[in-house]
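# Coordinates in review
For reference, the chains in residue letters:
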Amino acid sequence: MPSTLDPMLREFREEAGITKRALQRVPADKLGWKPHPKSMSLGQLSMHIATIPSRLSQLAQLDGFDVTQASFDPPHPKNMEEVLAAHEQSVLDAEKCLQGMTEQQAQANWRLMKKDKEIFTKPRISILRSILLNHWYHHRGQLSVYLRLLDVPVPVIYGRSADESPFD
């Protein structure tokens, strides 16, 4: 019997390739660049995008998480090879998590806490959708803006970009 995770796994695999294409466009000599003082650097954003699948699929395997234990300061990569290797490993880790999760685990509740205060409780599959996939897409969108600001051709994500067409 198909699992509710099957469509998510298919989507994840497709999106992993799109994300890799975007990361491959990051200019190695601009990793310290920021579009604004409050923004992450291009390198930090790239590393964050590369590691979201692994980090968030690991969190989703727990029964919950205390946000006071989180670090919201992504590391600065040494080079793009580090980012691309992290992305490759992260995709493998998340696939393993999604493939190994039972339907019962997917439907079980997951809690986000701030010390003793519950922020929310949701089914684990909802957490995988929102903090794994949607969060990943959000930051990939940021990356496409960074690339545009640096005058780097933006790859095809969903249909044409101003620089490429999958229909040519």
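In this report, we go over the structure that sits alongside the text. Computed from a predicted structure; not experimentally measured.

### With respect to the packing of aromatic side chains
Applying the stated criterion across every chain, the model contains four aromatic pairs. Each ring, one from Phe-12 and one from Trp-136, has its centre 5.3 Å from the other, and the planes form 25°; the classification is stacked. Taken together, the residues Phe-12 in helix H1 (residues 5–24) and Trp-136 in helix H5 (residues 124–149) connect sequence positions 124 residues apart. The exposure classification of Phe-12 matches that of Trp-136, with both residues buried. Linked through ring pairs, Phe-12, Trp-136 and Tyr-137 together constitute an aromatic cluster. We note Lys-122 situated over the ring of Phe-120; from NZ or CZ to the ring centre the distance is 4.6 Å.

### Section: the pairing of strand S2 (residues 109–114)
The pairing of strand S1 (residues 64–66) with S2 spans three bridges and is parallel. Bridge pairing links Gly-64 to Arg-111 in S2. The antiparallel hairpin formed by S2 and strand S3 (residues 117–123) contains two residues in its connecting segment, where Lys-115 sits at a positive phi of about 60°.

Parameters at a glance
- Residues numbered from 1 in each chain as written.
- Predicted model: local features only at pLDDT ≥ 70, side-chain atom pairs only at ≥ 80, totals over all residues.
- Heavy atoms only, no water.
- Phe/Tyr/Trp six-rings, centres within 6.5 Å; stacked < 30°, edge-to-face > 60°.
- Helix = DSSP H or I, 4+ residues; strand = E, 2+ residues; numbered from the N terminus.
- Buried < 20%, exposed > 50% of the residue type's maximum accessible area, 1.4 Å probe, protein only.
- Lys NZ or Arg CZ within 6 Å of the ring centre and 35° of its normal.
- Pairing = 2+ DSSP bridges.

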